[in-house]
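Remarks on the overall topology
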Amino acid sequence: MADMNFTGPEPRLEDLLAARKQLTMHAQDGLCLEGVPLNAIADAFGTPSWVYGAATMRARFAALRDAFAAEGVPMHIHYAVKANDHLAVLSLFREQGAGADVVSIGEFMRATKAGIAARNVVYSGVGKSAAELETALGAGVGQINVESGEEIEMISAIASRLGVVASIALRMNPDVDAGTHAKITTGLAENKFGIAAADIPALYARAAGLPGVRPVGIAMHIGSQILSTEPYRLAYEKGAAMIRALREAGQSVDVFDIGGGLGIGYQDEPGLSPHAFAATVKQVTQGLGVRLMMEPGRYLVGPAGVLLGSVILEKQAGKRFLVLDAAMNDLARPAMYDAWHGILPLDAAAYRSATMPADVVGPICESADQFATDRLLPEIKPGGRVALLDAGAYGAVMSSAYNSRPRAAAVLVDGGRFHLITPRQEIEALWAEEIIPG
Ligand code: LLP
């Protein structure tokens, strides 16, 4: 299994900056996101804080949409809410014309709260509870991607009781290695996801005969942070073959949901190009006559976000440790997947100073609470700030209150101004709803 972490030479601070046009370094104001000084945001709301750039998210959505338009391939984009679920972010993608891909009733309700019509929501996931299905079906969810025969029976029963007909797509497990980190690959036979190709024809036919459900097509999602088109080609060829076989067997197949997974350049490895992806999709689905849908998350939001942290102190203990006020409870990806995130100082003078290796760590009582090892960074005085880059996807959504650390604030930069979109959690809120029995 390939590792998702790129192993080339580490980019220098200048390279990190040069590769991200949303970030600029100003002599006075220091590091800016879309022209807004990050120090001003940290002054206003403290650290740790997430900051997202609206223009970057819009530009990435447009790049993906335009890549398909250039190929003449109509594509319905359903933003994967799990990547970044702020109402402000969901509402931004709604304005761009996106639907949503959700995996829990919480995500479903968030998406509709942000104004995304239930009919534009696809409900995915390997285990949806009866209560979740009832709520989603009652609200008119557009499509449910099912992952087992058991689930089809469950949906049929609930939908029949409610007097509705659920459009379902069968998620096929194509048994393709996406070449990504083992913890985020989903399209191998050994993974818990999807239905084996051999079982699809019988289940599709069974679904077509059941009340309350209408099988509309095939869905797929083979993993995340995928950097090459090859695994997609292999998977989609199998999907297209399945669609043809189902039709030959007399089934009606209208939809091919091709999932998400487009990788981005964390360590300046080239991300998956939307043009190459769109060209692959076109080649494989040409003449198939299906309505194409996709569910991207990371590609749209990853590079748009940073996590701001302040240096608490620099500890010299044989090694140099830069101890931040941000931690693994905020950004879990390095601890969970050994993920590499760029780190830049906010201060222009620090940015230009000589660098030395440092381990960048948080204050949590776990050795895994480490953002970087032997990273070349300048001296940053206590109170000085850093930005952890490309933290817009799977950042805030995966944060926890471990060590009784309240959730960080979140800020949206838009049109040269910044807006608080989630206030920092109050310490008292951590236990406000707890009950001591007796
Ligand atoms: N659709 C389905 C059914 C999914 O399971 C996922 C992600 C997506 C779409 C969106 O994938 P994307 O385009 O964002 O790659 N926490 C991990 C990533 C987990 C991805 C899970 N599924 C990380 O931080 O790398």
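Structure: above.
Summary of the structure given here. Note that the coordinates shown come from a computational prediction; the quantities given were computed from them, not determined experimentally.

Conventions adopted
- Residues numbered from 1 in each chain as written.
- Predicted model: local features only at pLDDT ≥ 70, side-chain atom pairs only at ≥ 80, totals over all residues.
- Heavy atoms only, no water.
- Buried < 20%, exposed > 50% of the residue type's maximum accessible area, 1.4 Å probe, protein only.
- Helix = DSSP H or I, 4+ residues; strand = E, 2+ residues; numbered from the N terminus.
- Pairing = 2+ DSSP bridges.
- Right-handed = clockwise from strand over helix to strand, strands pointing away.
- Near = heavy atom within 4 Å.
- Polar contact = N/O pair within 3.5 Å; in protein donor to acceptor, adjacent residues only side chain to side chain.
- Areas by Shrake-Rupley, 256 points an atom, 1.4 Å probe, with all protein chains shown as cover.
- Nonpolar A, V, L, I, M, F, W, Y, C, P; charged D, E, K, R; others polar.
- Domains from an automatic or database assignment.
- Salt bridge = Lys/Arg side-chain N within 4 Å of Asp/Glu carboxyl O.
- Phe/Tyr/Trp six-rings, centres within 6.5 Å; stacked < 30°, edge-to-face > 60°.
- Lys NZ or Arg CZ within 6 Å of the ring centre and 35° of its normal.

**Describing the pairing of strand E5 (residues 75–80)**
Judged by how many residues are buried, E5 sits mostly within the fold: five of six residues are covered. Bridge count for E5 against strand E13 (residues 291–294) is three bridges, and the pairing is parallel. In the strand pairing of E13, Met 75 is matched with Leu 292. Strand direction decides the pairing type here: E5 and strand E6 (residues 99–102), joined by three bridges, are parallel. Bridge pairing in E6 places Tyr 79 opposite Ala 100. With respect to chirality, the unit in which E5 leads through helix H4 (residues 87–95) into the neighbouring parallel E6 is right-handed.

**A look at the site of the ligand**
Ser 224, Glu 295, Arg 333, Tyr 337 and Tyr 394 are the nearest of the 17 residues found near the ligand. Measuring from an oxygen atom of the ligand, one finds a side-chain N or O atom of Ser 224 at 2.4 Å. Tyr 337 has a polar side-chain atom sitting 2.8 Å from a nitrogen atom of the ligand. When the ligand is considered free in solution it has 590 Å² of accessible area, and contact with the protein chains removes 92% of it. Residues belonging to the shell around the ligand are distributed by class as follows: six nonpolar, five polar and six charged. Formed jointly, the shell around the ligand draws a minimum of three residues from each of two domains, domain 1 (13–54 + 302–430) and domain 2 (55–301).

**Digging into the pattern of salt bridges**
Applying the stated criterion to the full structure yields 19 salt bridges. One salt bridge in this structure joins Asp 66 and Arg 65, with 3.4 Å as the shortest N-O distance. In this structure Arg 65 comes out as partly exposed when scored by relative accessible area, which is 37%. Residues Arg 171 and Glu 147 are paired through a salt bridge, measuring 2.9 Å at the closest nitrogen-oxygen approach.

**A closer look at the sheet that holds strand E1 (residues 23–26)**
Taking strand neighbours across the sheet as the criterion, the three strands line up as E1-E2-E3 in an open arrangement whose pairing is antiparallel. Looking along the sheet, the strands with just one partner apiece sit at the ends: E1 and strand E3 (36–37). Both E1 and strand E2 (residues 30–33) contribute to a ladder of four bridges, which runs antiparallel. Within the sheet, the bridge partner assigned to Leu 23 lies in E2 and is Leu 33.

**Section: the packing of aromatic side chains**
Enumeration over the complete set of coordinates arrives at eight aromatic pairs. With a centroid separation of 6.0 Å and an interplanar angle of 40 degrees, the aromatic rings of Phe 61 and Phe 93 are classed as tilted. Of this pair, Phe 61 sits in helix H3 (residues 54–70) while Phe 93 sits in helix H4, and the two are 32 residues apart along the sequence. Of the two residues examined, Phe 61 and Phe 93, each falls in the buried class. The structure contains a cluster of three or more aromatic residues connected by ring pairs, namely Phe 68, Tyr 232, Tyr 236, Phe 256 and Phe 277. Taking the ring centre of Tyr 299 as reference, the NZ or CZ of Arg 60 above it sits at 4.2 Å. Positioned over the ring face of Trp 340 is Arg 375, at 3.9 Å from the centre of the ring.

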